[in-house]
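Spelled out from the first residue to the last, the chains are:
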2 protein chains.
Amino acid sequence: MAIRQGRYTLMLPSRPVITGSAAVVGKKEGEGPLANEFDSVSQDDSLGEASFEKAESAMQRDAVIRALNKAGETPDNVDMVFAGDLLNQCIGTSFGLRGMDMPFAGLYGACSTMSLSLALSAIMTDTAAANVCIASTSSHFCSAERQYRLPLEYGGQRTPTSQWTATAAGAAVVSRTGSGPRATAVIFGKIQDLGIKDANNMGAAMAPAAASTIKDFLSDTAGAPSDYDMILTGDLGTVGSSLLCELLMKEANLDISGVHSDCGIMMYDLKNQDVHAGGSGCGCSAAILCSYIMRRIREKSLKKVLFVGTGALLSPTSSLQGESIPAIAHGVVLEAD
Amino acid sequence: MAIRQGRYTLMLPSRPVITGSAAVVGKKEGEGPLANEFDSVSQDDSLGEASFEKAESAMQRDAVIRALNKAGETPDNVDMVFAGDLLNQCIGTSFGLRGMDMPFAGLYGACSTMSLSLALSAIMTDTAAANVCIASTSSHFCSAERQYRLPLEYGGQRTPTSQWTATAAGAAVVSRTGSGPRATAVIFGKIQDLGIKDANNMGAAMAPAAASTIKDFLSDTAGAPSDYDMILTGDLGTVGSSLLCELLMKEANLDISGVHSDCGIMMYDLKNQDVHAGGSGCGCSAAILCSYIMRRIREKSLKKVLFVGTGALLSPTSSLQGESIPAIAHGVVLEAD
């Protein structure tokens, strides 16, 4: 059963296991540096569906089915799915998982959703409230772009600080028993808002949330950045990543630069793929975590990773109404078996 | 710690306590039959804010602060907030709770959100993963109408099966210790979609989800409808409520008609308030549960209530793309102390 350590952190003594995980991505993501890591690369971002929203649903469903297969599980053995996405009313998820007949809790954490779903799955299994959970999420460049910004056909110029919503989905099966990477601690973040209003600079809006969660976690656990092979943020991109390192040095004298990686920076070849400050979208960190990272933890080339998913909790409406951007970050510690 | 009973139900042996709850509503809701139950009735649905979205945020924040005050708690003692709303990217919640500095998990369950947030809060406290949680949600007629349907100024005709989104927010503080109504069991629903495509008939779309969850719950617990003083659905309205009773009789020979109530029917004077099939919106069941119902459980005039929040997981985009409406229902059993 989960044990509270310090003000915000929960230690998971039973060490729930990620028994299977899978990542499904689009064409551009399959041309990036992690191309060979993913379970499936679609050569057509419509996935043969009639709309990009339906394509996103198909992608998330595909990731969940692949993760279940790898874990040797079937839907009728799943006690709980925690999942969400970026689309209005989270239709990527509800339509993707419809018909699979698994108990389902819908989440909205913007790009922090993978860490939120994984954290809740880990607590549910650690406390024996569930034997098998699924954590999953997705994003799609084409469905996100037309919802949040402009019609794709408009071909608007993007600012240097903007990030590219990844066409990607990731899913992980979390179990009480089995072998694989283990979730050993989680921390839920608090909403941070330092007044950033530029919806084309999500990295700057989210960096304070990541800093807050990392600071709280290391304080709760009396830990140091060097205790981790990697502190992996989900989707700060280049701008947000520098700000995160700067904030942690300034506010808490914490130097994470030696162990810090960011999924937004890892997803694309930043020099040649025209993604400006890097990748973003729920699916970006989900796909990297559920492929590259889980594989390296299984192979023990990474032994202890603090994964901190970051999300910007704005909407086009809030931006049009002149609001700043609240952000949040949740953390999960993953360790080799 | 939560104990699984049957395939889907979790019994909560420590019986987490709702130590405080509050409901804040708009003008029309304050003119309905439950007018005297609510903690605050706003005479101006803008709540003095510059937009209806900001008004919704203010309302949810108000409900949370009132619930905390009644429970004698402060935000720095809260381990976790589970909350969400109907607005795109759940901005009613993220902007409403911003600055309160509490660990936050964002949910999206459409009108099932109160049952989802309460169920997760109850599990977290029952398993000692948290000592104090908050479950909260909100909806606002004016922000929902213009997002889901038409500009308010358009004054479109509404169909007889349509429901009226309540301007309302509800919040409950769930604790490991204290006195008050107790959450003794929860069940998470599975997505149900029987092919209903009429976005003006949510009741019909959601009834099968409520039926599925009630059936599973009574089967898991070997219980009967008569074991409960009330089986309270969240927002099926008149159309959905008749369908629910019919479905349960037909599929499982369960007659709930003697103990069934529905928040969508309770919120308004259906004859005189021009709301057609009844109320809906996350805030509708949240406000009724967090005032009228909790008060009667505290006073023991209700001893055992099965609350089943129902949500339609569609979006305007999915409807325009010709999709049917997936729905879900989660259940929580509340008992007198």
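Reading the values: the criteria
- Residues numbered from 1 in each chain as written.
- Chains lettered and ligands numbered in written order.
- Predicted model: local features only at pLDDT ≥ 70, side-chain atom pairs only at ≥ 80, totals over all residues.
- Heavy atoms only, no water.
- Helix = DSSP H or I, 4+ residues; strand = E, 2+ residues; numbered from the N terminus.
- Rg over C-alpha atoms; globule rule 2.2 N^0.38 Å.
- Buried < 20%, exposed > 50% of the residue type's maximum accessible area, 1.4 Å probe, protein only.
- Contact = heavy atoms within 4.5 Å.
- Buried area = accessible area lost by both parts, 1.4 Å probe.
- Salt bridge = Lys/Arg side-chain N within 4 Å of Asp/Glu carboxyl O.
- Expected span 1.5 Å × (residues − 1).
- pLDDT = per-residue confidence, 0-100.
- Core = buried A, V, L, I, M, F, W, Y, C linked by side-chain atoms within 4.5 Å.
- Least-squares fit on C-alpha atoms with pLDDT ≥ 70 in both.
- Phe/Tyr/Trp six-rings, centres within 6.5 Å; stacked < 30°, edge-to-face > 60°.
- Lys NZ or Arg CZ within 6 Å of the ring centre and 35° of its normal.
- Pairing = 2+ DSSP bridges.
- Right-handed = clockwise from strand over helix to strand, strands pointing away.

**Here we look at the overall build of chain A**
The helix and strand tally for chain A stands at 9 helices and 15 strands. Whereas a compact globule of 337 residues would reach a radius of gyration of roughly 20 Å, chain A reaches 18 Å, a difference of no more than 12%. Here the C-alpha coordinates of chain A stretch approximately 50 × 50 × 35 Å along the principal axes. In chain A, which comprises 337 residues, the share counted as buried stands at 66%. The contacts of chain A with a sequence gap of at least 6 include a subset with a gap of at least 24, amounting to 78%.

**A look at the interface of chain A and chain B**
Contacts between chain A and chain B engage 63 residues on the former and 63 residues on the latter. A combined buried area of about 4800 Å² lies between chain A and chain B, and 57% of that area is made up of carbon and sulfur atoms. The largest share of the area that chain A buries against chain B comes from Q89, R98 and I191 of chain A, three residues that together contribute 14% of it. The tally of links between chain A and chain B comes to 10 salt bridges. Taking the shortest distance from any N to any O, the salt bridge between R98 of chain A and D193 of chain B comes out at 2.7 Å.

**Some words on helix 3 (residues 113–126) of chain B**
Taking 1.5 Å of rise per residue, 14 residues should cover 20 Å, and helix 3 of chain B covers 20 Å from first to last C-alpha, within 8% of that figure. Directly after helix 3 of chain B, the chain includes A128 of chain B, whose backbone phi takes a positive value near 65 degrees.

**Observations regarding the confidence of the model for chain A**
With 100% of its residues at a pLDDT of 70 or more, chain A has an overall mean of 97. Across the predicted assembly, pTM comes out at 0.98 and ipTM at 0.98.

**Regarding the nonpolar core**
Of all hydrophobic cores here, the largest spans 114 residues; its most connected members are M124, F188 and I293 of chain A together with M124, F188 and I293 of chain B. Of all hydrophobic cores here, the second largest spans 62 residues; its members include V81 and A110 of chain A together with A63 and A83 of chain B.

**Remarks on the relation of the copies chain A and chain B**
Relative to chain B, chain A is turned by 180 degrees and slid 0.0 Å along the rotation axis, the superposed coordinates differing by an RMSD of 0.0 Å. The relationship between the two copies is best expressed as a two-fold rotation axis. Closest approach to the rotation axis among the C-alpha atoms of chain A is made by L107 of chain A, whose C-alpha sits 2.1 Å away. Looking at the interface residues of chain A, 100% of them are also at the interface in chain B, so both copies use one shared face.

**Let's talk about unusual backbone geometry**
Residues and elements named next belong to chain B. Here C90, not a glycine, exhibits a phi torsion of approximately 50 degrees, which is positive. Within the element layout of this structure, C90 appears in the loop between strand 5 (80–85) and helix 2 (91–97). On the accessibility criterion, C90 (7% relative accessible area) is buried. The residue D235 is not glycine, and still its phi comes out positive at about 80 degrees. By the secondary structure assignment, D235 is in the loop between strand 11 (230–234) and helix 6 (237–252).

**Details of the packing of aromatic side chains**
All names here are of chain A. Applying the stated rule across the entire model yields 4 aromatic pairs over all chains. Consider the rings of F141 and W164, whose centres lie 3.9 Å apart with planes at 5 degrees: the pair is stacked. Placement of F141 in helix 4 (residues 141–148) and of W164 in strand 8 (residues 164–165) is noted, with a sequence separation of 23 residues between them. Looking at K28, its charged tip hangs above the ring of W164, at a distance of 4.1 Å from the centre. Between R296 and the ring centre of Y292, over which it is positioned, the NZ or CZ distance is 3.9 Å.

**Digging into the pairing of strand 5 of chain B**
Residues and elements named next belong to chain B. Counting buried residues in strand 5 gives 6 out of 6 residues, a clear majority hidden from the surface. Sheet topology places strand 5 next to strand 6 (residues 104–106); 3 bridges connect them, and they run parallel. Directly across from A83, in strand 6, lies its bridge partner G106. The parallel pair strand 5 and strand 6, bridged by helix 2, forms a crossover whose chirality is right-handed.

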